[in-house]
Amino acid sequence: MDFNYLAELLFPDVTETPDDMEAKFPRRDLPEGAIVSRMAPSPTGFVHLGNLVQGLTSERLTHQSGGVLFLRVEDTDAKREVPGAVEILINSLKHYNITFDEGATIDGDNGIYGPYRQRQRKDIYHVFAKKLVSEGKAYPCFCTEEELAAIHEAQEAEKTNFGYYGKWAKYRDASIETIEENLKKGMPWVLRFHSEGSIENKIKFTDLIKGNLELTENDIDHVLLKSDGIPTYHFAHAVDDHLMHTTHVVRGDEWLPTLPFHLQLFFALGWKPPKYLHIGPLMKMDGESKRKLSKRKDPELALTFYQEIGYPVEAVYEYILTVLNSNYEDWRRANPFADTNEFKFSYKKMNPAGSLFDEDKLRDVSKEVISKMTAERVYELALAWAKLYDVDFAEKLEANPDFAKAILAIGRGGKKPRKDFAVWSELKAHMAFFYDAYFKVEAEYPDFDKADIDGIIKDYIDIYAENDEQTVWFDKIKALAEKYGFCPDTKQYKANPDAYKGHVGDVSMILRVAVTGRQNSPDMYEVMRILGKEKVSLRLANAAK
Ligand code: GLU
């Protein structure tokens, strides 16, 4: 067979050569050891935790090494594409601080290795497809859907492996006459790889996360170009990662089974394959056993879940680092306030089997992260969240920023900062009683005479002065306790409980319920100062009506 003749027949319009392509995509001028990697998502509109894990891994590896991270949109499967998906993708990643040095952007392409959207690279793939054909490494296949289904059925009946290989590969050795005739008839064709592999053979391969692997060789004549001339992922990935000078491919381990084919492709094209890092899946506990997070069953797989519920970006980011690098938590303990980027991320610390995702753990991390924020920052982030997801609450926050920040400052900044909420959607419940519109008495008063309760509350209206120092403030409550037959000292009360109606803590609780409507609240001295004399008095007066 004259393969050059066949190549001309199949690709008459391709005039550029592989050398022209190499010249168009020159080597990158980077320092020794600089990693070049990419995110190569398909624009399905669904951005998930796996994308973030992959993105964060490649972002850290590239930027830590002084390399380049680029975004390539793998839109070869038009059926799965959703309008606006690229925008959603870029915005979600940006939200999590994953920014690209190069690649597809919302406004087009940025960089000299583009286009960065695969459908726009069709001509480039055809140059290499033509080269493979001219070397007898690829051939056209005219099988119809029905013929392929028949092959599958026959394989089922013979209980043999499925796929287009060996004796099943109908057009592998088709004569040039048959091919020409079919082309003349206008029969649609796909371009298939001519595999020299055998499943009897193993290849040895070192994956940077999975370690040393032994994989079965590929014997399938996989499709390289579909009938519309658009490449499959396999072919596009090899061509792009070669021309874009990717040094490390970081991707999910669902691609591991096709890796032998990818390596074959690189060798067939005469290229050195990049290094591969196959990330294990994200799993969760389901009862006693672990299973992969699933799009259908687990809402927490979608990145929008975290935005909607209001996890701070820093918390999700921090949590993912915890999950990906086993030494991250120790580092964080030793460097509680350091910027996460100071941590030396390493793929060597990644678990080859995948990572366990645990929302309780994420919540703990988030509480910790929020506890280290200033009231100002909490205000800013909570407001941004509320504007999207709880407009009424946003209005309250914005109506009086100083008031909101004073509330948020309670218990912040000290040695033992408050860690009472993990997500912005929980914040309103904590702050609600400060706002008259949300305030309601939800808690029961402690079980004492109604007359005493009312008396304590009414008297306190006259006693409370908002400029009192905390000790003076408390002394007044003690005095009030004494007046109503409650012991001003808890220890003394415990020694002789029958001598009193209750103790000072009970009096504080009565005031707490009247002012906050709850039995649990932050420090009452602070709460009253923030509310101010007028509001405190009004609430007390309403309570004692
Ligand atoms: N488009 C592929 C995916 O979304 C990319 C895999 C890769 O990074 O090479 O799974």
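Here we summarise the structure given alongside this text.

Parameters at a glance
Residues numbered from 1 in each chain as written. Predicted model: local features only at pLDDT ≥ 70, side-chain atom pairs only at ≥ 80, totals over all residues. Heavy atoms only, no water. Pairing = 2+ DSSP bridges. Helix = DSSP H or I, 4+ residues; strand = E, 2+ residues; numbered from the N terminus. Axes fitted to C-alpha atoms, helices over the stretch in contact; angles between N-to-C directions. Contact = heavy atoms within 4.5 Å. Buried < 20%, exposed > 50% of the residue type's maximum accessible area, 1.4 Å probe, protein only. Polar contact = N/O pair within 3.5 Å; in protein donor to acceptor, adjacent residues only side chain to side chain. Phe/Tyr/Trp six-rings, centres within 6.5 Å; stacked < 30°, edge-to-face > 60°.

## A short note on the sheet that holds strand 12 (residues 282–286)
The pairing of strands in a sheet happens through backbone hydrogen bonds and is either parallel or antiparallel. Spatially, 3 strands are ordered 13-12-14 in an open sheet, and the strand pairing comes out mixed. Only two strands of the sheet have a single partner each, and these edge strands are strand 13 (289–292) and strand 14 (355–356). Sheet topology note: the strand 12/strand 14 ladder contains 2 bridges and is parallel. From the neighbouring strand, Leu 282 faces strand 14, where its bridge partner is Ser 355.

## Examining the sheet that holds strand 3 (residues 102–105)
Pairing is mixed in the open sheet, where 4 strands are placed in the order 1-2-3-4. Strands at the two margins of the open sheet, each flanked by one partner only, are strand 1 (36–39) and strand 4 (108–110). Taken pair by pair, the neighbouring strands of this sheet meet at an average axis angle of 20°, ignoring direction. Judged from the 4 bridges that link them, strand 1 and strand 2 (residues 68–71) form a sheet pairing that is parallel. What sits directly across from Met 39, in strand 2, is Leu 71. Each of strand 1 and strand 2 touches helix 3 (residues 49–64); the most contacted strand, strand 1, lies at about 160° to it.

## Some details on the side chain of Arg 38
Inspection of the secondary structure puts Arg 38 in strand 1. Residue Arg 38 is classed as buried on the basis of its relative accessible area, which comes to 2%. Polar contacts involving the side chain of Arg 38 include one to the side chain of Asp 241, which spans 3.0 Å. Aside from chain neighbours lying at most four places away, what touches Arg 38 is Gln 54, Ser 58, Leu 69, Phe 70, Arg 72, Tyr 233, His 237, Asp 241, Thr 246, Val 249 and Val 250.

## Details of the packing of aromatic side chains
Taken as a whole and assessed by the stated rule, the structure comprises 28 aromatic pairs. Geometrically, the ring pair formed by Tyr 306 and Phe 357 is edge-to-face, given 6.4 Å between the ring centres and 80° between the ring planes. Of this pair, Tyr 306 sits in helix 10 (residues 303–309) while Phe 357 is found in the loop between strand 14 and helix 13 (359–371), placing the two residues 51 residues apart along the sequence. Chaining the aromatic ring pairs together yields one cluster made of Phe 305, Tyr 306, Tyr 311, Tyr 319 and Phe 357.

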